[in-house]
Structures are given as C-alpha cells and as structure tokens.
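# Per-entry structural report
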Amino acid sequence: MKITDDVPSGLSALDRPNSYIGRSVPRPNLARLTQGRGQYVSDVTLPRMAHVAFVRSPYAHARITAIDTASAKTAPGVLAVVTGAELSNVITPWVGVLTHLKGIKSAPQHAIAVERACWQGEAVCAVVARSRAEAEDGCELVNVTYQELPAVTDAETALDPGTPVIHPELGDNLTFERKHEAGDPDKGFADADAVVETTFVFGRHTGVTNEPRAIIADWNPGEARLTVYHGTQAPHMMQNLFAKHLGLEEHQVRVLTKDVGGSFGIKVHTYPDEMATVALAKLLKRPVKFVADRIESFVTDIHARDHRVKAKIGIKNDGVITAFEIDDLTGIGPYSVYPRTSGIEANQIVNLTGGPYTCPNYRARARVVFQNKNVMCQYRAVGHPIATAVTEGLVELAAARIGMDPLEIRRRNLIPDDSYPCAAPSGIKFEQLSHHESLAHLDAMMNYACLRAEQQRLRAQGIHRGIGFAAFIEVTNPSAAFYGVGGAKISAQDGVTMKLDAQGALICQTGVTEQGQGAEAVIAQVAASAFGVPIERVRVITGDTDNTPYGGGTWASRAAGIGGEAAWQAGKALRANVLACAASILQAKPESLDIRNGAVVDAATGTERLPLHELARIAYFRPDTLPPGFQAELMATRHYVPRAWPFAFTNGIQASYLEVDIDTGFVTLLKHWCVEDCGTIINPQLVDEQIRGGVVQGLGGALFEHCLYDDRGQMLNGNMADYLVPMAAEMPDIEVGHVVSPTADSELGAKGAGEAGTAGAPGAVMNAVNDALRPLGAQPITEMPLTPGVILRALGRV
Amino acid sequence: MSERFHDIVLTVNGEEVRERVDARKTIVDFLREDLGLTGSHVGCEHGVCGACTVRVDGIIVRGCLMLAVQCDGARIETIEGVSDQGEIADLQSAFETRNALQCGYCTPGMLLTAQELLARGGLPSREEIRAHLSGNYCRCTGYHAIVDAVEAVAQARSGGRR
Amino acid sequence: MKPAPFAYERARSLDHAIELIGGAEDARVLAGGQSLIATLNMRLSRPQLIVDINRVSGLDRITLRDGYLEIGALVRYAQAERSAEIAAHAPLFAKALPFIGHPAIRNRGTIGGSIAFGDPAAELPACFVALDGEAVIAGPSGTRVVKADAFYKGLFETALTPRDVLTAIRLPAATGETRTGFAEFARRHGDYAMAGLAATARTSGKTPSDVRLVFFGVGTAPVRARAAEAALAAGDIEASVAALAKDLDPPDDVQATGAVKRRLAGVLLKRVAAGLMGNAS
C-alpha cells in the first residue's frame, strides 16, 4: 500500500550530495498524461494530411492475379489507390537476416505485397483518402482477384517433403537452425537416478499495445526532407531504414517520437504497412497518416512465443541435476522480420535454458520454420518466458519425481553467489548474479513455510492451492553482440548531451526513448545527481533524431544501464566544465569547488560561492569579464557502450500462489512475488512497477492469451472480446523485493529491469498449478495458456 | 429524406459547440478530430478497452459506442475538462506519486472510471476497486499501483482514516 | 474500423419510430448501442438507416401492475441495478445485472436491447426465459405479446421482425414461494459467459414445482434444460445433473469446447440447485 521506500545508494563512486540515485522520485512527465494532454502519434495532425487504409488479404496464401482499382479511385474523398507493384518503384524490399545467426534465410518482403499474399492480413493495396472512414470505403471498392494457394499452417509438418515450400528459391521452409552441446549430456542422463521427459507447448500470443501502431510521414519536396512521427522504440534505427529503402541519406530523414501508448517490443520492428505509409507520403508529396485499428493490429502486429519444446532433465536422488536437453520448434510467419530477424527468440531459448544452474551438461536444438500466419518477432523478454518455463518446469517435475521440496532442489543446483565471473554451458557469460540471496529473500518475503502449512490445511477441506517458483536470468544492457555484429544498423551505444541554459537549468538530450517505463525520469535523476541540480531544474529531450545523440533507443532493458551511464558521464563532464568556468570567475582552484543544489559551492564547507544562473549569465552574456584565454564550455556530450560483457545479466526468482477450482478448471491468482537483482537501482518505485507490469504481461500468456488459428491460416479470435488480455479483477497483488549486484562495466552499476517480470511469471504459474493438482494424480500440465479446458483435461474431467 | 449529415449542438467541457457531422462518426472521434480534444483515446473501437471513456450527461460511457449525432443536446465532459475543473486533482496526484500510469494511454479512461466509483463515497475494498475497473485495459502497470492509488484516495476523502 | 455510411433519424415517438423503420429498406433500431455500434464499427452490419429511439418517452419505466413487473425497453442496466422494484419483484434480474459488462457499458446498455439482440452468451435473455416473461412488441400492425419460451428462435433470431420495436418486457412478480438462482462462469469479470444458468422454481412443499433451468453460452439461444428440470422437480439433484447430457449439446467456440461447457453446466446446476429447493431465496 505505501509507496516504495527509498533505497540508499551506498555506493562510494556515486556518493554525490543530494543524489537522486536510489530515490523513488515521481516522474516529471506525468502531469500532462493525467490531464489528457499527452501527444501520441495517433493525436498528431498536419496540414493537408491524408489517411491510408489497406486492402488486406483474406487468404493465408494466395496469388494476386488482378487488382481493379477503378471504382475505388473515384470514391468520395479518395486521393490515391496504390498497388504493391506501383509502390515498389518508390521503396525497395528488405530481407530479415543477420550474419551472426549462421545460415538464417528469408525472402525479400515488399511494403505492399506484389505478386503473392503470404498471410491473412497482409496488405495488398493502399487507399489514401481525406479521412480514415473514406479510405475504408475506398478499400471496399478495390476488386482483388486471388488464386488461393495451399497454406503452411503446422510447424510440425512444415519441413516434411510433402509440405509446400513457401519460398521455393529458399529450398525449404527452414528459416534458421541452431544446435549446441556442452559437457557430456549423454553421460549426464546415464548417471541420473531419474530422467524426466516431457513436451512444453506455448501458445502464440501478441502485445496488444493500448495505442495501436501509428505513423505519420511527411515528405517535403522543397527541402528534400522526410519527417516521420512514429511511435517507435528506436528512432535512429528507423531513420536509417527509411533512408535506405527510399534512396535517401540519413540526414534527410527526421524521426520524432513523443508519447507512445505502450510498446513492449511491438513497436521496435519494421512493418510493411508503416513503410508503405512513408513511401506514399513521398509519392503523393503530402503527409500521410496510418493508425492500425485493433482488428488489423491482431493480424499484423508481430506475434511471439509460438513454440513446442521437447525437454529432458536428469536428476539424482540427492537433488543434483545431471543434464538438460531441449528440442525447440517454432513456427513463425512467411518472412523473418526486419531488421532484428525472427531467429533471435529461438536463439535466446538455446542461450538461456538451464542458465541459473551449475549443471554443465546441455544439449539443445532449435529450428525456426516459415508458416503462412502472421509474422513473429521479439516481444518483451524475448525467449525468456519460454526458456524459464521449460527450465523451471523441468526442475519442479524433477523435484516431484524424487520427493524433494522445490526450493531445496534449487538450493542444491543454483550457481553459488561466490562463483562469479563464470559462464553457462550455453556460452553466456555472467559477471555477478545473486541466485541464493534472492531465493533466501523470497523465502522470507512470502513466508514459504507458512504458505505450505496453509496449503496443507486447506487441502483437507477440499481447497486446492498451489505454490510454484521460477528462478530466472535476464538479458539486459546488450553490447553490439546482440545485433551489430550481425550487420544490423542498430546502435548498441548511446549518448547524452547536457547543457547549462542561460538560467542555470540543465537540458539533456538522449538517444534512449520513453514508452512509459520512466526512461526520461531515470536520465533526469542521474543527470541531476551527477551534475548537482535539483531535479525540477532538469529537462530531458528524447525521441528526435535531429536533436539527440545517435543512439539505439529503448529495448532489451537498456535505457537505465546504458543511457543512464552516458548521463552519468556527461553530468560529470559538464560539472568539470562548469567548475573550470567557476574557478576562472572566482579565482579559485576547480578541485576546491563543487556543484550542489544548483549552485557552485566550496567543496569542503558547502558554502555557496556562485549560483548557476549567475555563472550562466556571465558565461553567455558577459564573457568580456572572463580571464583572457578562457572559453566557457557549458555543454558536454558523453557516450557509453558496454564493453566488458556482451550482456549485463540480471537474475531473480518469482513465486505464484494460486487456487484451482477442480470442478471448473478456473484458476484464481492469490498472490505473486518477485525478488529481482538489477544492480544499482536508480528509482526503486519505477523498478517495482516495471516488474509488476511485466509479471502481469507474463500472467496473460500463462492463463489467457492465445492467437488461435485454423488449419487454413485464418486467425479466429482477432478482437478484444475473444483474445483475452489480463484485466484488473483477475490479477493479484504483486510484491517485489530487491537484491543489488552492481555491474562493474559502468560507474553507475545499473543493469536493466524492464523484462524480468515477464520472464518468470508464466513458469511460476505453471508450476503452481501443477503443485496444486499433483496430489490428485493429475497429469502434469506443460502447455500454456492454462485454460479451464486444459486443466479439466489434466484432471480427466473432460 | 433521411440524412447522413446532421447539425448538432452540444456542450463540451462547458463550451457550446456547433458542428455538422457524418452520422457514422463516433463521439470519441468527433472529440478528437473535430474539436482537437485528444485526451480521450481510441484503443479498440468495440467497447472493450475503455480508453475512450468520456462523460455524457454526467455518466461515463464508451466513446466508441456512441455516435456524435446522438449527443445533440448533451453535456460532454472529457478528461481535459474534468481535470481543469480540479475535480480529480487528488486522484491525479495519487496516480503520479504512486506511478499508477506508465505510457498514460489508459489513464484518462481509468481516472474517469475510478472517479465514478469514488464519487459514491465510502471505502471500497481492493476487490471492489478491481471489479469496478475491470473494463479498463492497462498493459503497462499490471493494475496494482492503480488499485493502491484509488484506495488511498478513497481513504483520504473519507476523512483520512488509516 | 469506421462504419459504412448510413443515414440517421431520431424518433420522436414510438409511432414515429415504426414509421421511420417501415420507410427504409434496411433500418436498425439504436437504443443503448453497446452491441449495435460495435457491429457497425466492424462493418459486420451496414444498415441504410439508424433509427435512434433514445428520446422516445415512456419506455424507461419500471412498474408493478397486476402481479407483473413491467420493465420498459429503454431501462438502462445501471438504472435496473439501482431499482428497488427489480430487487423486490425480479430478484433473478438483480442477481444477473452485476455480471453484465462493465460500468460504462451498464450506463448505456438497455434491458430491451439485451432481450432483442439475444446474444446466446448474454445473461438477461436467459433470465427472461427462466422467469417465463412476456415481450411487448410494437409493429406496423399494432402491439402484440410473445411469451419468452417462444421468443428465441435461433442464432440472433427472435420473434421480432425487422419492422418491430420491443417496447417492454413483463415478468411475473416474485412471490413468497419464488426461488431463483443465477451463476455463470466467465474467464474475466464482465465477459460473456462460457456457460451460465438462470433458474427459477416455486416451492411450497418438499420438492420444487415449475422448475425452469435456462442455460446460456451453450447454444445458439438460451436453452431450457427440460429433462434436468423434471429430475429436479422430483427432488433429485444428481439425476438432474446427469440429465443435462440429454438437454445440452454445446458447440465448440474460441473460449471452450462443447465438452468443457457441458461440464461447467453440470457444476452450475449443482451450485444453484440447493438454493432452488430450500427455504432460503
């Protein structure tokens, strides 16, 4: 109920007076949002702006034999009707591959389908009109002749010889395959006292951002400049891609992002309908706006997490895990998404399975196959929910097999907290994690022994409660190892430019972006602390490629760790510049001065010597009074990229306490806990809220969310009444605890926290349901979402 | 002869508005596009997400499920108007202090819906708060902080007990 | 998703509404709009003319008369939730109302709209049948009354023709002998039910009489489980649940298979039956 307590930073490098590090300062940009005065791309209008709607293929796979646009062109309000062939003269196609995913292959994808539609919902024609309603009217008048083709809709048979190959030039429907082996898994299984083997199935689901995808492109032929208002997480990446595919130079493109109504990875990808909108603006020489409506969002926003994982664990009676093995099959769409590829999710699953544990024996295979369904790509906690559910599911099945308490089996296998640095069998490298301390913290926080006793007591009354855990590791602060090494123009570095304005306020510009997680607040807190001003005097500018340092944006939980470190360094640099100026004004030594609370002070006593606004006045308006040879430099830019570690891994552990109604299969979530270690915490409340939001997103996939397809590739539940997102009444209170293991790869020591909640929640819930049902002799459930039907089937009641 | 386009007169946030509208235009699109009041948001256009919540004649409605033409003669209040009147200042402050909003897209609808519950007075339980807000989709917060904020305001308005 | 173009008229009176509907080739009546406007937005429905009856006076009353509670078609769900008359004389409705949608939906949606639309997963049509109510229908040739048992014919197909306007429903007022039960299973608060049960009975002795068990979410319309009713009237809950196998054959849908719905129906009956038999109401 109470607001998260401030956590004292306790780190000597950061012991700045009046530091905001570790304080739950409210975010500065919230008032405009609670007043309804935000500016989302969907709110923006420009003079002469037109609206585009798309004719979309009703078939999962079809040749487009003719498009008759004559009557659409004359419909009221319609300004243009443009086919894929026509638009391909304006914008080039792309291929979603990267060189570091060995062997990945995909076919060229156009902004609007040219000869063939490859999934139900793919755009086949664009209608631009004065209003969205008139554009939709026009779409109904476009007459497309299709020749339906057989659709590939089953990942299990996608590679069978008899299955049609979606892109014949590629030879088969295999997008990517990866195999990995470490240690001696065969010996591990042979040495085991028991081997648990099972198959996990994860239902495809999607982000359902509250604000749908939105973009406005404005080509000014007079300036030969393209301005794009885009709800994207990565404006510089999009600047590069718009330029590349429209034949422009990057400096001719400006991408602007202000408020974004939710993203979670959905808006970090390249979408053909958005690229088409930009191309249409160039073609028509007027602003064109596209806002995906909810129905088209369901069949065009990237889907994710459609995996079938065969998995095995070897266990000894003393609880030591002897081997892990997985075989992952995932069915994506007909194209690997650009530019991050649709191979990353499977790649992460291979990287992360078994990660928290000491067991050195590991074998993994992952195959990604094309299907004629909507495309799939990175969505919050990419691959982690699956790797964690598989790992933690196996661990608890193993515990049950040998009759060991699920926390005890983890104590016997989690990497000891003093083992670092070390590497996992998959090759990932850990700097410093805290699995054991986190587990102990969780145990105490949830009063585990008490809950077990309560569970037992209630079982006797026919009430079936379950407790389930999920320990996890989380990729954050990615270096160039994630994308850059593969050839993607996705920046792993980031920068912050700071200037002291003429009144002594601190203006920060940064390449990381804000989608509601608090990136701007975190940058402001770090800047204010490093430089020495009250936070009310800090302004942070994001989301403008013209006015921010070249950067990567926000994804893979990088804003605090990478953007924050750049802000820390820039703040120190600007402080040094300002103190040099103050020293010249005051005829003092710079090292005897400091900046605190908006003024230059005597470092030893704290006595105020010169307010910043006065220093600024002198530097900007009375430089004639400064000593000869001295030039004030009241601006500084610093960049940062992690170099020592490919990723800053974080860790944590979650627990779910729930009740299963064994008559109906309904699950009531009673409580959820997460202990997480994201290194230095800049704003404890924001970390807690990222965890909570992430947990609920994971709970959605665990219990409710599923993109359902029939065998003809038609999505059956693409609306908000039939696709179930978590709403308030079904969600539990979520308690969050913290452990702090800073990274030494930066002075701040902050890792990322945005995705950890989603990584662990599904595994914890699945384990809790199985814990509840185990005494009833139910088959362990290893599929999600855990619908009432799934649970009733496991109980043998349907 | 039945008409597609109609002249309507209505009051929006206390201001009289006279416009000609296409009958098919929803009130939320009218507010956003014709009047530039973009604080009410469009999330689904089938009445499920609650982002479009506005007040018509004093009660909250789904702005995507009412036509502008139906609102001829009506008194509309959007988040901008309700906010400027100061009616929900304590609730907004509680949301900001507790970070009960992240991206802010659901927030106007959430605030107006919560205010309808709070205006009844009393001390709703957390379950009652969750049930009342069960028609407002939030993807960012996971709802916990929102429930905290509404609960805190209910307590404060009841005389600061506990 | 923006609707296809349509013309709009505001009816000044019931007669005016019927005249307007009769004058168009394809007209739809707009009351609460909570279902209609969603279908218009998705272009699932594209009428030429929308006839808005929201300003027709006299259709929003709740009156007890001659042992019947008459609820006007324009009574909003929220108004019904606050109604002392409904709480006293139609407690089954009072039990069902909190399950319908969410506050903003209940502020606009109407009782008449729910009954007339006849969504098979909706609460009130099932309650209407369970209460053995009557529909008061105004049409081009005058007014008629249709019993609830004869009102629902198929998927979104009712006794209403496209020219009709439902003006009110009449429900036999609850007496001291009336027993009602309501339960539903929905994935989330306010969702349409995966399976639901609206039940009424009269009790004056050891076993209930006039048992009416109406399931929703299990077919194309509310389904009366007559075999189960007979078993329950004989006082045998177990047999009643078993008899559902004869009464219900729910189709699969995106939320649940028919088998799951059948199972849930049995659980609903078990949970509701005791209340129908006993002294408590």
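Cut-offs and rules
- Residues numbered from 1 in each chain as written.
- Chains lettered and ligands numbered in written order.
- Predicted model: local features only at pLDDT ≥ 70, side-chain atom pairs only at ≥ 80, totals over all residues.
- Heavy atoms only, no water.
- Domains from an automatic or database assignment.
- Contact = heavy atoms within 4.5 Å.
- Buried area = accessible area lost by both parts, 1.4 Å probe.
- Salt bridge = Lys/Arg side-chain N within 4 Å of Asp/Glu carboxyl O.
- Polar contact = N/O pair within 3.5 Å; in protein donor to acceptor, adjacent residues only side chain to side chain.
- Helix = DSSP H or I, 4+ residues; strand = E, 2+ residues; numbered from the N terminus.
- Buried < 20%, exposed > 50% of the residue type's maximum accessible area, 1.4 Å probe, protein only.
- Arc of directions from axis to C-beta.
- Axes fitted to C-alpha atoms, helices over the stretch in contact; angles between N-to-C directions.
- Parallel < 35°, antiparallel > 145°, perpendicular 65-115°, else oblique.
- Left-handed = near helix turned anticlockwise from the far one by under 90°.
- Nonpolar A, V, L, I, M, F, W, Y, C, P; charged D, E, K, R; others polar.

What follows covers the domain arrangement of chain C. When the parts come together, some accessible area is lost, and that loss is often what is quoted as the size of the interface. Residue and element names in this part refer to chain C. You can read the domains of chain C as domain 1 (7-52), domain 2 (62-172) and domain 3 (178-277). For domain 2 versus domain 3, the separation of C-alpha centres amounts to 20 Å. Residue-level contacts link 25 residues of domain 2 with 22 residues of domain 3. In total, about 1,900 Å² of surface goes out of reach between domain 2 and domain 3, with carbon and sulfur atoms giving 63% of it. The largest contributions to the domain 2 side of the interface with domain 3 come from Phe 99, Pro 120 and Ala 130, which together make up 24% of the buried area. At the boundary of domain 2 with domain 3, the tally comes to 3 salt bridges. Taken together, the connections running from domain 2 to domain 3 amount to 8 residue pairs in polar contact (both at pLDDT 80 or more). Where the side of domain 2 that touches domain 3 is concerned, the elements lending two or more residues are α5 (91-96), α8 (123-130) and β8 (152-154). In terms of residues, the side of domain 2 that touches domain 3 owes the most to one element, α8, which gives 6 residues.

Moving on, we come to helix α3 (residues 89-97) of chain B. Along α3(B), the residues that are buried comprise Leu91(B), Gln92(B), Ala94(B) and Phe95(B). The arc that holds every buried residue of α3(B), seen down its axis, measures 160°, which confines them to one face. Where α3(B) is buried, its residues meet α1 (30-34) of chain A together with α2 (79-84), α4 (107-118) and α6 (144-157) of chain B. A positive phi of about 50° marks Asn99(B), the residue just after α3(B).

Residues and elements named next belong to chain A. Look at helix α14 (residues 519-531) against helix α15 (residues 559-586): their axes get within 8 Å of each other, and the N-to-C directions meet at 30°. Judged on the interaxial angle alone, α15 and α14 are roughly parallel. Considering only the axes of α14 and α15, their crossing is right-handed. Contacts between α14 and α15 pair Ala 519, Val 522, Ile 523, Val 526, Ser 529, Ala 530 and Phe 531 from the former with Ala 559, Ala 560, Gly 563, Gly 564, Ala 567, Trp 568, Gly 571, Lys 572, Leu 574, Arg 575 and Val 578 from the latter. For the contact of α14 with α15, the per-class residue count stands at 12 nonpolar, 4 polar and 2 charged.

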